[in-house]
Amino acid sequence: MDEPTVLGIAPARKHLRRAWLCLLVLSALVLLAACGGGSTSTGSGTTPTTGTSNTPAATSTQAGSALVVMITTDSSGTFTFSPTTLTINAGTTVTWKNVTTVAHTVTSDDGKSFDSGTSKPIAAQTGTFSFTFKTAGTFKYHCSFHPFMEATINVQ
């Protein structure tokens with residue numbers, strides 16, 4: 001028998017290699033998990049979507065009875081409505097869906113057309129608020145908690 005095997009050094013090295021391999025695999029899995037989960041899919045084809053670009057004003061024109069505006073975080077890390085401009089027909093219901101980690105509101109700039117409310121805001125990650133636009137006009141809105149979040153609904 002050779003001396004390292006007798007002293008138990010070879011088995012210890014084998015276990016050390018396994019520990020490093022497990023640590024490497026675990027690190028790779030953590031990195032992969034941190035990079036995923038940023039996409040959403042739409043099955044109905046009526047949800048307006050825009051790419052994540054640095055363009056400040058994403059615009060969408062949609063016809064339909066129900067549409068979704070995402071409350072999200074853009075590529076610079078800023079909260080935003082997506083799309084920031086939406087053109088719809090009168091009678092369309094718009095639903096805002098919050099996918100960020102904090103609560104938001106959807107409040108018309110005129111203060112009376114629509115308001116999701118600050119006492120019970122749109123919950124983080126799963127909250128929604130819906131409003132049916134019955135009359136034509138331009139409706140600018142914002143988040144009361146984050147006034148830099150601004151968007152517009154054009155109703156035809």
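Residues numbered from 1 in each chain as written. Predicted model: local features only at pLDDT ≥ 70, side-chain atom pairs only at ≥ 80, totals over all residues. Heavy atoms only, no water.

### Looking at the pairing of strand 9 (residues 150-155)
Argument step 1. Bridge count between strand 4 (residues 85-88) and strand 9: four bridges; the pairing is parallel. If you follow Ile 88 over to strand 9, its bridge partner there is Val 155.
Argument step 2. Two strands pair when backbone bridges link them, and strand 8 (residues 137-142) and strand 9 are joined in this way by six bridges, in the antiparallel orientation. Residue pairing in the sheet places Phe 139 in a bridge with Ile 153 of strand 9. (Pairing = 2+ DSSP bridges. Helix = DSSP H or I, 4+ residues; strand = E, 2+ residues; numbered from the N terminus.)

### Quick word on the nonpolar core
Argument step 1. Membership of the largest hydrophobic core comes to 21 residues, with the highest contact counts inside it found for Phe 81, Trp 96, Val 106, Phe 133, Tyr 141 and Ile 153.
Argument step 2. Elements represented by at least two residues in this core include exactly strand 2 (66-73), strand 3 (79-82), strand 4, strand 5 (92-98), strand 7 (128-133), strand 8 and strand 9.
Argument step 3. With sequence-adjacent residues up to four places away left out, Phe 81 is seen in contact with Val 69, Met 70, Ile 71, Trp 96, Thr 105, Val 106, Tyr 141, His 142, Cys 143, Met 149, Glu 150 and Ala 151. (Core = buried A, V, L, I, M, F, W, Y, C linked by side-chain atoms within 4.5 Å. Buried < 20%, exposed > 50% of the residue type's maximum accessible area, 1.4 Å probe, protein only. Contact = heavy atoms within 4.5 Å.)

### Some words on the confidence of the model for the chain
Predicted coordinates in regions of low pLDDT should not be interpreted in detail.
Argument step 1. Looking at the chain, the pLDDT average stands at 77 and 60% of residues meet or exceed 70.
Argument step 2. Of the regions scoring below 50 in pLDDT, residues 30-59 engages in 24 contacts with residues more than four places distant in sequence or in other chains. (pLDDT = per-residue confidence, 0-100.)

### Examining the sheet that holds strand 3
Argument step 1. The strand order 3-2-5-7 describes an open sheet built from four strands, whose pairing is mixed. The open sheet is flanked by strand 3 and strand 7, the only strands paired with a single partner. In this sheet, adjacent strand axes meet at a mean angle of 20 degrees when their direction is disregarded.
Argument step 2. In terms of strand pairing, strand 2 meets strand 5 through six bridges, oriented parallel. (Axes fitted to C-alpha atoms, helices over the stretch in contact; angles between N-to-C directions.)

### Quick word on the environment of His 104
Argument step 1. Relative to the helices and strands, His 104 is located in the loop between strand 5 and strand 6 (107-108).
Argument step 2. On the basis of relative accessible area, His 104 is assigned to the buried category, the value being 0%.
Argument step 3. A sequence separation of 33 residues divides His 104 from Ile 71, and the C-alpha atoms of the two residues are 8.1 Å apart.
Argument step 4. Dropping the residues within four chain positions of it, His 104 is found in contact with Ile 71, Phe 79, Asn 98, Ser 116, Pro 121, Ile 122, Cys 143, Phe 145, His 146 and Met 149.
Argument step 5. Polar contacts involving the side chain of His 104 include one to the side chain of His 146, which spans 3.1 Å. (Polar contact = N/O pair within 3.5 Å; in protein donor to acceptor, adjacent residues only side chain to side chain.)

### What about the pairing of strand 5?
Argument step 1. Among the seven residues that make up strand 5, five are buried, leaving the element largely enclosed by the rest of the structure.
Argument step 2. Strand direction decides the pairing type here: strand 5 and strand 7, joined by six bridges, are antiparallel. From the neighbouring strand, Thr 95 faces strand 7, where its bridge partner is Ser 130.

### Overview of the environment of Ser 108
Argument step 1. Here Ser 108 shows up in strand 6.
Argument step 2. There is a polar contact of 3.2 Å between the side chain of Ser 108 and the backbone nitrogen of Ser 113.

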